[in-house]
Amino acid sequence: MALSVKSLQVNGAKRSAKPMAVVKPRSVAAKATKYAEELIQTAKNIARPGHGLLAMDESNATCGKRLDSIGLENNVTNRRAYRTILVNTPGLNQYISGAILFEETLYDSTDCGKKFVDVLKSNGIIPGIKVDKGLAPVANFPGETWAMGLEGLDKRCAEYYKAGARFCKWRSVVTIPAGPSAIAARETAYGLARYAAIAQNAGLVPIVEPEILMDGDHDINRTLEVAESIWAETFKYLADNKVIFEGILLKPSMVTPGAEHKNRATPDQVADYTLKMLRRRVPPAVPGIMFLSGGQSEMEATLNLNSMNKTPNPWHVSFSYARALQNSTLKAWQGKPENVKA
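Residues numbered from 1 in each chain as written. Predicted model: local features only at pLDDT ≥ 70, side-chain atom pairs only at ≥ 80, totals over all residues. Heavy atoms only, no water.

Trainee: So what exactly am I meant to see when it comes to the nonpolar core here?
Mentor: One recurring pattern in soluble globular proteins: nonpolar side chains tend to sit buried together. One finds Y195, F235, L238, L250 and W333 to be the most contacted residues of the largest nonpolar core, which totals 96 residues. Sequence-distant contacts of W333, that is, excluding residues within four places in its chain, are made with L67, I70, L72, N78, A81, Y82, I85, N339 and V340. (Core = buried A, V, L, I, M, F, W, Y, C linked by side-chain atoms within 4.5 Å. Buried < 20%, exposed > 50% of the residue type's maximum accessible area, 1.4 Å probe, protein only. Contact = heavy atoms within 4.5 Å.)

Spelled out as structure tokens, the structure:
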């Protein structure tokens, strides 16, 4: 607003006052990509009531460990057979809104010859894709890691979108016994923010996942402290990178004591601490929070999540489980064709 006075009195002398230029406030709104509306709608569709995510994005090496547990060789044929069972589960779309795939699966076909992506889409399940390239050690900080994969991510995301993916996942890891150091925390937060911005510009809804490992003998209050710090820094960098909050999903760890702590927390305690952390750090604009099981048993992960949904939350609170959904299936199958319908 220009000054309305015609003169100013300075040190007793009368001077003419020139109108001051109007300074317009700089906009800090999130940059709208050409996919903005699509991103928001996709995120809403994934975070719809009564639904969660099936995480079947294990690398070939990790999938091999699962197969080895039932005495199967880790090869393309066995991986395809196992993943075919998962996507063809009767009634899967009643509870699953999206499935996170490994790159091999995104381009592969089921045992029946139909693309995995097409099987999912025909059942109203949105295909997603893991886009990070794994973890590497943080130099000079033993025990801490950073997530690789930003180089060329824009081109890869564009190709994944063409192949039918509409959301993606990037996993960073935070370890409490080894720190977390300020360097590792910043690397985690900034890497997630850059990934999210790149993904949105390619039309993919990014799942933001700074997993806080359960390793250690620390108590639940220490986990809460670390989680609040990591999420505060992550959202700071997400905002700096103009990420559209309505077009992202979160995949946090639940706030629990360390796995080696002498006392186990009850489901109500886990719910209380976890929701406390989320309400302090996560904007209500975020449509969905899809928890990882993080090494919990199927029963633990289910009871803890159920306790969180006993009261209303500003976001859709659900799951993005791998082992907690797959373990029973794997044990029932045992690699035998006659057990597929078990």
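Now that the structure has been shown, the text picks up again.
Trainee: Can you walk me through the sheet that holds strand 4 (residues 96–101) in this structure?
Mentor: Pairing between the strands of a sheet comes from backbone hydrogen bonds, and it takes one of two forms, parallel or antiparallel. Taken in spatial order, the 8 strands close into a barrel running 3-4-5-8-9-10-11-12, and their pairing is parallel. The pairing of strand 10 (residues 249–250) with strand 11 (residues 288–291) spans 2 bridges and is classified as parallel. Each residue of the ladder has a partner; that of L250, found in strand 11, is I289. (Pairing = 2+ DSSP bridges. Helix = DSSP H or I, 4+ residues; strand = E, 2+ residues; numbered from the N terminus.)

Trainee: What am I meant to see in unusual backbone geometry here?
Mentor: Of all residues except glycine, most have a negative phi; of all peptide bonds, most are trans. In this model, G179 is joined to P180 through a cis peptide bond whose omega is -10°. Mapped onto the secondary structure, P180 falls in the loop between strand 8 (167–174) and helix 7 (182–201). Positive phi values are uncommon outside glycine, yet N140 reaches one of about 75°. You can see N140 is positioned in the loop between strand 6 (135–137) and strand 7 (145–147). Backbone geometry at Q334 places phi at a positive 55°, although glycine is not the residue there.

Trainee: I would appreciate a short explanation of the environment of K121 in the present structure.
Mentor: In this fold, K121 is placed in helix 5 (residues 116–122). K121 sits 44 residues away from A165 along the chain, and the two C-alpha atoms are 9.9 Å apart.

Trainee: Explain helix 6 (residues 153–162) to me, please; I cannot follow it from the model alone.
Mentor: If you check which residues of helix 6 are buried, you get L153, R156, C157, Y160 and Y161. Viewed along the axis of helix 6, the buried residues span an arc of 140°, placing them on a single side of the element. Away from the buried face of helix 6 by more than 90 degrees, exposed residues K155 and K162 are located. Of the surrounding secondary structure, the elements contacted by the buried residues of helix 6 are helix 1 (36–46), helix 4 (103–106), strand 5 (126–130), strand 8 and helix 7. (Arc of directions from axis to C-beta.)

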